[in-house]
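Read off the chains here:
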Amino acid sequence: MAKMFPELRSSSVITRYHGGEPILSKKDIPYEADCIFNAGVVKFNGRYVMAFRNDYQFDGVGAFGKCVIGLAFSQDGIHWDVQDKPFLTVEDLHDPDVTKVYDPRLIAIEGRCYLCFAVDTKHGLRGGIGVTDDFEHVEVLSLTVPDNRNMVLFPEKIDGKYVRLERPFPVYSRGGIDRFDILMSKSPDLVYWGESQLLMGVEDVPYANDKIGPGAPPVKTEAGWLTLFHTVDIDRTRGKNGWEERWQKRYCAGLMLLDLKDPSKIIGMYKEPLIAPETEYEVEGGFRTNVIFPGGMILEDDGTVKIYYGASDTVECMATARLEDLLGLLEGR
Ligand code: BMA
């Protein structure tokens, strides 16, 4: 039987903004919206940009009829002006196979803004990479084969190549259950990807027993690439909430450090969750329970780190920490 983790707590170096109150939720959206979560955030040309997921038209049972990606701008990374229409929809992809776009991440590379996103199709889940220069249109550069998602890009080329972290879903070869790991691939042009290799297995995370996946795009520090990932532990005794008959998973945010020159080397990992679900919004205020889903991390000039995460698939929240405190958590350095 899988190991259980009854109590998981957030690190004391983390401070939740306003005690865990959302920084963005449906009341802030000027068009039809219900659940606002799993956002990507980047600092780009002097302002903060957020791409967020909006699930709406809840069927009252367990699913939403619509899901779009919205966009917001901010001067301080906390208060947001939401654009008056969605940024990326299923229709924008002009592909009859696509049924849903969601879970965006934003990355600035060489003066352009890139978007990674998940795509559900009638033939599997795919990971998309797009680029925008005007924050009106997205040019889609590539889509993975199924099943893969949770992709993040590094903010610069390493050894002349673009690098991404990703999370395929190898169900067939993993015993028919969730045992999903983080892989890394490289590309000369963001279109053709290869040199794929395992970065971290779920068994390498002491507090996960189900799956892991990339979270926020890596941030460059003198010590290495600092990055957040999500982790899932499952406990079969967990029960019902508002969304599903049996929601037995808990999502946390994890922290690791990758070698600057060779990011396939993990040079530090915090052996406990950086953020575990604890506040009302995170534990039971949403459509799901116990979900922290990190999608953005920004290092400010004064050494403060802003961490953006979806809480229980319903609202977007933020926490801060000092870079030196985050680095101090990492074992193996
Ligand atoms: C994952 C994704 C995320 C979501 C999480 C928790 O599989 O679908 O978008 O936040 O589950 O429900």
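Residues numbered from 1 in each chain as written. Predicted model: local features only at pLDDT ≥ 70, side-chain atom pairs only at ≥ 80, totals over all residues. Heavy atoms only, no water.

Q: Quick question: what am I supposed to make of the pairing of strand E6 (residues 98–109) here?
A: Judged by how many residues are buried, E6 sits mostly within the fold: nine of 12 residues are covered. Two elements, E6 and strand E7 (residues 112–121), share nine bridges in a ladder whose sense is antiparallel. Its bridge partner being in E7, Arg105 is matched across the sheet by Cys116. The antiparallel hairpin formed by E6 and E7 contains two residues in its connecting segment, where Glu110 sits at a positive phi of about 50 degrees. (Buried < 20%, exposed > 50% of the residue type's maximum accessible area, 1.4 Å probe, protein only. Helix = DSSP H or I, 4+ residues; strand = E, 2+ residues; numbered from the N terminus. Pairing = 2+ DSSP bridges.)

Q: Sorry, what's going on with unusual backbone geometry here?
A: Following Pro146, the chain continues to Asp147 via a peptide bond in cis, the omega torsion being -10 degrees. Even without glycine at this site, Asp313 takes up a positive phi of about 55 degrees. Mapped onto the secondary structure, Asp313 falls in the loop between strand E19 (304–311) and strand E20 (315–322).

Q: Help me understand the site of the ligand in this model?
A: Every residue lining the ligand is accounted for by Asn38, Arg53, Asp103, Arg149, Lys211, Trp247, Tyr251, Arg288, Val291, Phe293 and Asp313. Between an oxygen atom of the ligand and a side-chain N or O atom of Asp103, the distance comes to 2.6 Å. At a separation of 2.9 Å, an oxygen atom of the ligand approaches a polar side-chain atom of Arg149. Residue composition of the shell around the ligand, grouped by class: four nonpolar, one polar and six charged. (Near = heavy atom within 4 Å. Polar contact = N/O pair within 3.5 Å; in protein donor to acceptor, adjacent residues only side chain to side chain. Nonpolar A, V, L, I, M, F, W, Y, C, P; charged D, E, K, R; others polar.)

Q: For this particular structure, what's the right way to read the packing of aromatic side chains?
A: In the structure shown here, the tally under the stated rule is 10 aromatic pairs. Plain terms: the ring middles of Phe44 and Phe135 are 5.7 Å apart, the flat faces sit at 75 degrees to each other, and that makes the pair edge-to-face. Taken together, the residues span a long stretch of sequence, with Phe44 in strand E2 (residues 35–44) and Phe135 in the loop between strand E8 (124–132) and strand E9 (139–143) at a distance of 91 residues. Each of the two residues, Phe44 as well as Phe135, counts as buried. Measuring from centroid to centroid gives 5.2 Å for Phe64 and Phe287, while their planes differ by 85 degrees, and the two rings are edge-to-face. Here the residue Phe64 occupies a position in strand E4 (residues 64–74), and Phe287 occupies one in the loop between helix H1 (280–283) and strand E18 (292–299), the gap between them amounting to 223 residues. Each member of the pair Phe64 and Phe287 is classed as buried. One aromatic cluster in this structure is built from Phe44, Phe73 and Phe135. Taking the ring centre of Trp193 as reference, the NZ or CZ of Arg164 above it sits at 4.3 Å. One cation-aromatic arrangement involves Arg167 over Phe169; the distance from NZ or CZ to the ring centre is 4.5 Å. (Phe/Tyr/Trp six-rings, centres within 6.5 Å; stacked < 30°, edge-to-face > 60°. Lys NZ or Arg CZ within 6 Å of the ring centre and 35° of its normal.)

Q: What should I look at first to understand the nonpolar core in this one?
A: Among soluble globular proteins, nonpolar side chains are generally buried collectively. By size, the foremost hydrophobic cluster in this structure holds 27 residues, and its most contacted members are Leu226, Leu255, Leu274, Ile275 and Leu326. Listed by contribution, the elements that provide at least two residues to this core are strand E14 (211–221), strand E15 (224–234), strand E16 (249–258), E18, E19, E20 and helix H2 (323–329). With sequence-adjacent residues up to four places away left out, Leu274 is seen in contact with Ser10, Ser11, Val13, Ile14, Leu228, Ala253, Gly254, Leu255, Ile307, Leu326 and Leu329. Of all hydrophobic cores here, the second largest spans 23 residues; its members include Leu199, Tyr207, Trp225 and Phe229. (Core = buried A, V, L, I, M, F, W, Y, C linked by side-chain atoms within 4.5 Å. Contact = heavy atoms within 4.5 Å.)

Q: Looking at this structure, I do not really get the environment of Arg288. What am I missing?
A: Mapping Arg288 onto the fold places it in the loop between H1 and E18. Look at Arg288 and you get buried, because its relative accessible area is 17%. Note: C-alpha distance between Arg288 and Ala311 (23 residues apart in sequence) is 8.9 Å.

Q: Explain the sheet that holds E7 here, please?
A: Hydrogen bonds between backbone atoms are what pair the strands of a sheet, whose relative direction is either parallel or antiparallel. In spatial order, the strands read E6-E7-E8-E9; together these four strands make up an open sheet with antiparallel pairing. The open sheet has two edge strands, E6 and E9, and neither has a second partner. Ignoring strand direction, the axes of neighbouring strands in this sheet form an average angle of 25 degrees. (Axes fitted to C-alpha atoms, helices over the stretch in contact; angles between N-to-C directions.)

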